[in-house]
Protein chains: 2
Amino acid sequence: MIGRDALLTDLYQLTMLQGYLEAGMEGEAVFELFVRRLPPGWSFLVAGGLEQAVDYLEGLRFHEADLAWLAASGRFSRDLVERLGRLRFTGTVEALPEGSCCFPDEPIVRVIAPLPEAQLVESRLINLIHFQTLIASKAARLRLAAPGKLLVDFGMRRAHGGEAALFAARASYLGGFDGTATVLAGARFDIPLFGTMAHSFVQAHADEAAAFETFARAQPDNVVLLIDTYDTEQGAARVVEVAPRLAAAGIRIKAVRIDSGDLADHARRVRAILDQGGLTEVGIFASSSLDEAELTRFHADGVPIDGFGVGTRLTTAASHPYLDCAYKLQEYAGQARRKRSEGKQTWPGRKQVWRRYEHGRAVGDTLAREGEAAAGTPLLVAAMRHGRRVAPLPTLAEARERAAAEVAALPEAMRDLASTTPYPVAVSPGLRALAVEVDRRTATPREVEG
Amino acid sequence: MIGRDALLTDLYQLTMLQGYLEAGMEGEAVFELFVRRLPPGWSFLVAGGLEQAVDYLEGLRFHEADLAWLAASGRFSRDLVERLGRLRFTGTVEALPEGSCCFPDEPIVRVIAPLPEAQLVESRLINLIHFQTLIASKAARLRLAAPGKLLVDFGMRRAHGGEAALFAARASYLGGFDGTATVLAGARFDIPLFGTMAHSFVQAHADEAAAFETFARAQPDNVVLLIDTYDTEQGAARVVEVAPRLAAAGIRIKAVRIDSGDLADHARRVRAILDQGGLTEVGIFASSSLDEAELTRFHADGVPIDGFGVGTRLTTAASHPYLDCAYKLQEYAGQARRKRSEGKQTWPGRKQVWRRYEHGRAVGDTLAREGEAAAGTPLLVAAMRHGRRVAPLPTLAEARERAAAEVAALPEAMRDLASTTPYPVAVSPGLRALAVEVDRRTATPREVEG
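Predicted model, so just to flag it, every value in this text is computed and none were measured.

### Considering the overall build of chain A
- In terms of helices and strands, chain A carries 18 helices and 19 strands.
- With respect to the principal axes defined by its C-alpha atoms, chain A has extents near 80 × 55 × 40 Å.
- Across the 450 residues of chain A, 57% fall into the buried class.
- Restricting to contacts in chain A with at least 6 residues of sequence separation, those with at least 24 account for 73%.

### Here we look at the environment of Ser 341 of chain A
- In this fold, Ser 341 of chain A is placed in the loop between strand E13 (335-336) and strand E14 (351-358).
- Given 21 C-beta atoms within 10 Å, Ser 341 of chain A falls into the buried group.
- Taking the C-alpha atoms as reference, Ser 341 of chain A lies 22 Å from Leu 125 of chain A; in sequence the two are 216 residues apart.
- Beyond its immediate chain neighbours, meaning those up to four positions away, Ser 341 of chain A contacts His 199, Asp 228, Thr 229, Asp 259 and Ser 260 of chain B.

### Some remarks on the domain arrangement of chain A
All names here are of chain A.
- Looking at chain A, the domain boundaries give domain 1 (26-50 + 90-133 + 327-449) and domain 2 (136-315).
- The centre of domain 1, based on its C-alpha atoms, is set 38 Å off from the matching centre of domain 2.
- Taken together, the contacts link 17 residues of domain 1 with 17 residues of domain 2.
- Per element, the largest residue contribution to the side of domain 1 that touches domain 2 is six residues, and it comes from helix H15 (residues 396-408).
- Grouping the amino acids of the side of domain 1 that touches domain 2 by side-chain chemistry returns ten nonpolar, four polar and three charged.

### Some remarks on the relation of the copies chain B and chain A
- Expressed as a screw transformation, the operator carrying chain B onto chain A has a rotation angle of 180° and an axial translation of 0.0 Å, and the superposed copies differ by an RMSD of 0.0 Å. Such a combination of rotation and displacement between the chain copies is what one expects of a two-fold axis.
- Comparing interface residues between copies, 100% of those in chain B also lie at the interface in chain A; the contact surface is shared.

### Quick word on the packing of helix H1 (residues 11-23) of chain A against helix H4 (residues 78-86) of chain A
All names here are of chain A.
- Between H1 and H4, the least distance of the axes is 10 Å, while the angle of their chain directions is 100°. In terms of orientation, H1 lies roughly perpendicular with respect to H4. When H1 is examined against H4, the residues Leu 17, Gln 18 and Leu 21 are found in contact with a partner set consisting of Asp 79, Leu 80 and Arg 83.
- Among the residues forming the contact of H1 with H4, the class breakdown is three nonpolar, one polar and two charged.

### Thoughts on the interface of chain B and chain A
- At the interface, 88 residues of chain B touch 88 residues of chain A.
- The leading source of residues in the side of chain B that touches chain A is helix H1 (residues 11-23) of chain B, at nine residues.
- Across the side of chain B that touches chain A, the residue classes break down as 39 nonpolar, 31 polar and 18 charged.

### Some points on the sheet that holds strand E8 (residues 224-226) of chain B
Residue and element names in this part refer to chain B.
- Judged by pairing direction, the sheet is parallel, and its six strands sit side by side in the order E7-E6-E11-E10-E9-E8 without closing on themselves. Both edges of this open sheet fall to strand E7 (179-180) and E8, since each of them pairs with a single strand only.
- Pairing of strand E6 (residues 150-153) with E7 involves two bridges; the strand directions are parallel. Each residue of the ladder has a partner; that of Val 152, found in E7, is Gly 179.

### Here's the deal with the pairing of E14 of chain A
Residues and elements named next belong to chain A.
- The pairing of E14 with strand E15 (residues 361-369) spans eight bridges and is antiparallel. Bridge pairing links Tyr 357 to Ala 362 in E15.
- Counting the residues that bridge the hairpin from E14 to E15 gives two residues, and of these His 359 lies at a positive phi of roughly 50°.
- Here two bridges tie E14 to strand E16 (residues 377-378), and the two strands are oriented antiparallel to one another. By the bridge assignment, Arg 355 is partnered in E16 with Thr 377.

### Topic: helix H6 (residues 122-145) of chain B
- Under the 1.5 Å per step criterion, the end-to-end length of H6 of chain B is 34 Å for 24 residues, consistent within 8% with the ideal 34 Å.
- Among the 24 residues that make up H6 of chain B, 24 are buried, leaving the element largely enclosed by the rest of the structure.

### A look at the packing of helix H11 (residues 232-248) of chain B against helix H12 (residues 263-276) of chain B
Residue and element names in this part refer to chain B.
- Contact geometry of H11 with H12 gives a least axis separation of 9 Å together with a crossing angle of 25°. With respect to H12, the axis of H11 lies roughly parallel. As for the relative orientation of H11 and H12, their crossing is right-handed in sense. For the pair H11 and H12, the contacting residues are Thr 232, Glu 233, Ala 236, Ala 237, Val 239 and Val 240 in the first and His 266, Arg 269, Val 270, Ile 273 and Leu 274 in the second.
- Partitioning the contact of H11 with H12 into residue classes produces seven nonpolar, two polar and two charged.

### A closer look at the sheet that holds E14 of chain A
Residue and element names in this part refer to chain A.
- Read from one edge to the other, the open sheet built from four strands follows the order E16-E14-E15-E19, with strand pairing classed as mixed. Sheet topology places E16 and strand E19 (425-427) at the edges, where each strand pairs with a single neighbour.
- Lying on the sheet, helix H17 (residues 429-442) is in contact with E14, E15 and E19; it crosses E15 at an angle near 35°.

### Looking at the nonpolar core
- Ranked by size, the top nonpolar core spans 298 residues in total, and within it Val 109, Leu 225 and Val 256 of chain A together with Val 109, Leu 225 and Val 256 of chain B carry the most contacts.
- Contact partners of Val 256 of chain B, with chain neighbours within four places excluded, come to Leu 225, Ile 227, Ala 236, Val 239, Val 270, Val 282 and Ile 284 of chain B.

### Quick notes on unusual backbone geometry
All names here are of chain A.
- Despite not being glycine, Asp 190 shows a phi value in the positive range, around 60°.
- For Asp 190, the position within the fold is in the loop between helix H8 (183-189) and helix H9 (199-204).
- Residue class for Asp 190 comes out exposed when judged on the 12 C-beta atoms lying within 10 Å of it.

### Comments concerning the pairing of strand E11 (residues 307-310) of chain A
All names here are of chain A.
- The pairing of strand E6 (residues 150-153) with E11 spans four bridges and is classified as parallel. Within E11, the residue paired with Leu 150 across the bridge is Gly 307.
- Sheet analysis places strand E10 (residues 283-287) next to E11, joined by three bridges and oriented parallel. Opposite Ala 286, over in E11, you have Phe 308 as the bridge partner.
- A crossover links E10 with its parallel partner E11, the connecting element being helix H13 (residues 292-301), and its sense is right-handed.

### Description of the environment of Pro 392 of chain B
- In this fold, Pro 392 of chain B is placed in the loop between strand E18 (388-389) and helix H15 (396-408).
- In sequence terms Pro 392 of chain B and Arg 441 of chain B are 49 residues apart; their C-alpha atoms lie 41 Å from each other.

### Comments concerning the environment of Thr 232 of chain B
Residues and elements named next belong to chain B.
- Residue placement: Thr 232 occurs in helix H11.
- Classification of Thr 232 as buried rests on a count of 26 C-beta atoms within 10 Å.
- Measuring from C-alpha to C-alpha, the distance between Thr 232 and Tyr 332 comes to 64 Å, with 100 residues separating the pair along the chain.
- Non-local contacts of Thr 232, meaning those with residues more than four positions away in its chain, are made with Ile 227, Ile 258, Gly 261, His 266 and Val 270.

### Brief notes about H13 of chain A
All names here are of chain A.
- The complete set of buried residues in H13 reads Glu 292, Glu 294, Leu 295 and Phe 298. Burial along H13 is one-sided: seen end-on, the buried residues are contained in an arc of 165°. Opposite its buried face, H13 presents the exposed residues Ala 293, Arg 297, Ala 300 and Asp 301, each directed more than 90 degrees away.
- Among the structural elements, helix H6 (122-145), helix H12 (263-276) and E11 are those in contact with the buried residues of H13.
- Gly 302, located one to two residues past H13, shows a positive phi value of around 60°.

### Digging into the confidence of the model for chain A
- Summing up the model confidence of chain A, the mean pLDDT is 95 and the portion of residues at 70 or higher is 97%.
- Note on the complex model: pTM 0.97, ipTM 0.96.

The rules we used
Residues numbered from 1 in each chain as written. Chains lettered and ligands numbered in written order. Predicted model: local features only at pLDDT ≥ 70, side-chain atom pairs only at ≥ 80, totals over all residues. Helix = DSSP H or I, 4+ residues; strand = E, 2+ residues; numbered from the N terminus. Buried ≥ 20, exposed ≤ 12 C-beta atoms within 10 Å, placed from the backbone. Contact = placed C-beta atoms within 7 Å. Domains from an automatic or database assignment. Nonpolar A, V, L, I, M, F, W, Y, C, P; charged D, E, K, R; others polar. Least-squares fit on C-alpha atoms with pLDDT ≥ 70 in both. Axes fitted to C-alpha atoms, helices over the stretch in contact; angles between N-to-C directions. Parallel < 35°, antiparallel > 145°, perpendicular 65-115°, else oblique. Pairing = 2+ DSSP bridges. Expected span 1.5 Å × (residues − 1). Left-handed = near helix turned anticlockwise from the far one by under 90°. Core = buried A, V, L, I, M, F, W, Y, C linked by C-beta atoms within 7 Å. Right-handed = clockwise from strand over helix to strand, strands pointing away. Arc of directions from axis to C-beta. pLDDT = per-residue confidence, 0-100.

Here you go:
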């Protein structure tokens, strides 16, 4: 997999390492990965991707071919190339377990390691955590929009490359989907697989009924028939027509799929046709440009659709295809640090997140200095020490259960997709005092004068 | 690389193959990959990803572990698993060369192969062509918005996974960017690399001036200093302060980078500070949430920025993170086919695209049946025969030159990002007649009656 490639990083990580090496700066650095603000209309995130991040850190090494390429590039000293050849990740990682709900400014992952190691891993670590957190959060929103419905990831083809397809399947399952159509995700992550047929299957046959029969006899345990290749209602009538012949062969039609037009309108007509044909047990599955808005509307209107294939808008998180996340130096050589760039200030130092619950519902978080007492339960836990995982991480199934439980425990306002009430995250007195102290130490002359 | 994994497909490809196998349907199929409509405000596409698609098709095979997993899944017959073990792609591929400009409904790639092969490859083929076409097109738009400026892909961290980062670097270079920060893209595709420093580098030092000096001495040929960690104008003053010491050591500062705040305003102030400090040769490089709109405005206002790092909004194509593309069966066993689903109708049969030029400018395309005469130059060319490439594909550098030339040859309206004039694509009489013929043949009883 591409994930283990040490060259999958930004050039500036290597140029900075050259600088750190020459300046002898190998002290302990603390970086935290967090999201600055939520996409418009979102009120929570579901953390994802830690398993892949830990795999990456454990496997990090520059191979001979990488080192040869770096040396030949002429950009780096022989000392740096040699140092990179020996480099392994030896640090500590503390993180929110996958499936945790989290909010802006809360560390999702903290890396504590010698500065060159902690710096080098920035690009790929963000790349891994950002995407799965994005998709798990998007999936959790879709899950809230379609209570009780089957939700399947159909988005491999328009995901941004193969790794995105694979990780989107994993993250959407984590966030509450029931499964995916992506076979490799089933094989790698043991995620339930779902699949029907494409229009080409119907087109390749002389007529629709023949296509339905061929398909049903070849996949008797999973008969979902696509009925909109030519005319949706005619397709439904065709299903009613072939059903008795299939029943005689002991084959039950599980569902029909609609993939075009006004899905709500078609679903109602198709439901009536199937019911009148005695096929009350046959479900309706829909796909085609679905997103939270459509699912919410279908739910409100009681549209008779039993399950949804969500594709492009899930796997590209099309409504907002990125999170404003960052990986920032919060401490170096024992001193807290803080970036103060306009609109991009960070809270300095090592932080812990504390969550308070009342009657089983989360009511607010506190962002505090590590070691500072706060009310509630601390959320960041050790994932790696000395470059190795401290224990097996929770399985994907466990992480998925955590996500479901944490989303269920959010305040009602956070579970309402139309609400824009922010979840309360307080900053502790100790953390505020530390920020003032760091600002005083690193203030520019002009600021001190002013 | 993940790209060679035969299981990276949708489950329905395999369930359909089971059906085709049992029905003995192995006739020649013709599928075409095309875009149905452009993202709002876009007026052209730049085709990308063919190199990776051909690599995938040439390398396609199910390995022992894949077959064992498929057999153990209990979903497929022993015959199918055995057939998959022998499956190779043996077909023909015709395609627009990478870097070609294209428009809705025009085939980007055509696959002609026995039905099971042509069907199976759908998911990954779309996955590969869609993403690079999306990013190459986005990059070409950014290139038009910033004439004469250095443009660098900075988006690895928020790209959707590792493959997306790598392919976004490749596709943005194809579309007119000058390079990327992603080291692996430099190593794999020989794309020029650019990199500066992160805020953490400045924060890790006792003060900004020390950070600048360490960096410059470690990377004397590539001194780009990030000046906004604490205060942008103070950072610029610091650059003026360290410049003579570095000059004495023979080190020239190439540029400063600004990454926050009002970039235009800061750039003007910083330009003045640098000029007053005698650093008229030091360039200004900017990053931070850039997209077409900002680059267009900076250009119109003559903002003194010499180059841009474009990150998230490039590599996720954030303004519209997908193309409405499809891979449709257009012919099977010698008969033209057509999908007629609402809003998703296709033009049937094998097609060629003809482009007419006047005075070196493209003036219109014709979508015609293959073999039908039309005015202009035919654009689809053979890439593979009998499952092997017919000749080496154009290099990335050649494809990039083609993209630059084709974008330059577009009508002025297409090169104006504010214009919404569509490029004229005519449908030939032969193709219209074929569509009528196919509709008559596959019409549903109700339609015939109506």
